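As a plain string of letters, each chain reads:
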Amino acid sequence: QVQLVESGGGLVQPGGSLRLSCAASGSIFSIYTMGWHRQAPGKQRELVTSITSGGSTNYAEFVKGRFAISRDNGKNTVYLQMNNLQPEDTAVYYCEADILAAGQAIIGYYWGQGTQVTVSS
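Residues numbered from 1 in each chain as written. Predicted model: local features only at pLDDT ≥ 70, side-chain atom pairs only at ≥ 80, totals over all residues. Heavy atoms only, no water.

**Q** I would appreciate a short explanation of the overall build of the protein chain in the present structure.
**A** Scanning the protein chain from terminus to terminus reveals zero helices and 11 strands. For the protein chain, the N- to C-terminal ordering of α and β elements is β-β-β-β-β-β-β-β-β-β-β. Relative to a compact globule of 121 residues, whose C-alpha radius of gyration would be 14 Å, the protein chain shows 14 Å and is just as compact. Principal-axis analysis of the C-alpha atoms places the extent of the protein chain at approximately 50 × 25 × 25 Å. Residue burial in the protein chain is summarised as follows: out of 121 residues, 40% are buried. Sequence separation of at least 24 residues holds for 56% of the intrachain contacts in the protein chain that already meet a minimum separation of 6. On the protein chain, roughly 6,300 Å² of surface is accessible, and the fraction owed to carbon and sulfur atoms is 48%. The centroid of the 8 positive side-chain charges in the protein chain is displaced by 3 Å from the centroid of its 8 negative side-chain charges. (Helix = DSSP H or I, 4+ residues; strand = E, 2+ residues; numbered from the N terminus. Rg over C-alpha atoms; globule rule 2.2 N^0.38 Å. Buried < 20%, exposed > 50% of the residue type's maximum accessible area, 1.4 Å probe, protein only. Contact = heavy atoms within 4.5 Å. Areas by Shrake-Rupley, 256 points an atom, 1.4 Å probe, with all protein chains shown as cover. Lys, Arg positive; Asp, Glu negative; His and termini not counted. Charge placed at Lys NZ, Arg CZ, Asp CG, Glu CD.)

The following block contains the structure:
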């Protein structure tokens, strides 16, 4: 069984920062791309950023220059550093990971439970 557990959400004022973490655990053979998505009330879930196992990153235009993704392969953990947060960044943030679980022949796509980020004065 593979699980993704997120932490680090909360309430922050505009211009503030937060750091999200997402740790994968369980019977993992290999982790490929990891990423962060978000879903605001009344909107569809959207990709924020992703990072490959080799460290190549991809960012949505609306977070370029403000957010940074990183990962620690030894800890099976991905991070999202969010700076200069704005009210429009308010959403539930989900991590996702492409994982080959032990004993499996195909890669599975796993999601965390989500963590609320609220940007408000």
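**Q** Looking at this structure, I do not really get the pairing of strand S5 (residues 46–51). What am I missing?
**A** Regular strands place side chains that alternate from one sheet face to the opposite one. Direction of pairing for strand S4 (residues 28–39) relative to S5: antiparallel, over a ladder of five bridges. Along S5, the bridge assignment pairs Arg38 with Glu46. Two successive antiparallel strands, S4 and S5, enclose a turn made up of six residues, where Gly42 displays a positive phi of approximately 75°. In the sheet, S5 pairs with strand S6 (residues 57–59) via three bridges, with the strands oriented antiparallel. By the bridge assignment, Thr49 is partnered in S6 with Tyr59. (Pairing = 2+ DSSP bridges.)

**Q** Teacher, can you tell me more about the packing of aromatic side chains here?
**A** Aromatic ring pairs are defined here through the distance separating the ring centres and the angle between the ring planes. On inspection of all chains with the given rule, the structure shows zero aromatic pairs. In this structure, Arg19 is placed above the aromatic ring of Tyr79, and the distance from its NZ or CZ to the ring centre is 4.1 Å. Sitting above the plane of the Trp111 ring, Arg45 keeps its charged end 4.7 Å from the centroid. (Phe/Tyr/Trp six-rings, centres within 6.5 Å; stacked < 30°, edge-to-face > 60°. Lys NZ or Arg CZ within 6 Å of the ring centre and 35° of its normal.)

**Q** Explain the side chain of Thr115 here, please?
**A** Relative to the helices and strands, Thr115 resides in strand S11 (residues 115–119). Overall, Thr115 belongs to the buried group, its relative accessible area being 11%. Only 3.3 Å separates the side chain of Thr115 from the backbone nitrogen of Gly9, close enough to count as a polar contact. Those residues in contact with Thr115 that lie beyond four places of it in its chain are Glu6, Gly9, Leu20, Ala91, Val92 and Tyr93. (Polar contact = N/O pair within 3.5 Å; in protein donor to acceptor, adjacent residues only side chain to side chain.)

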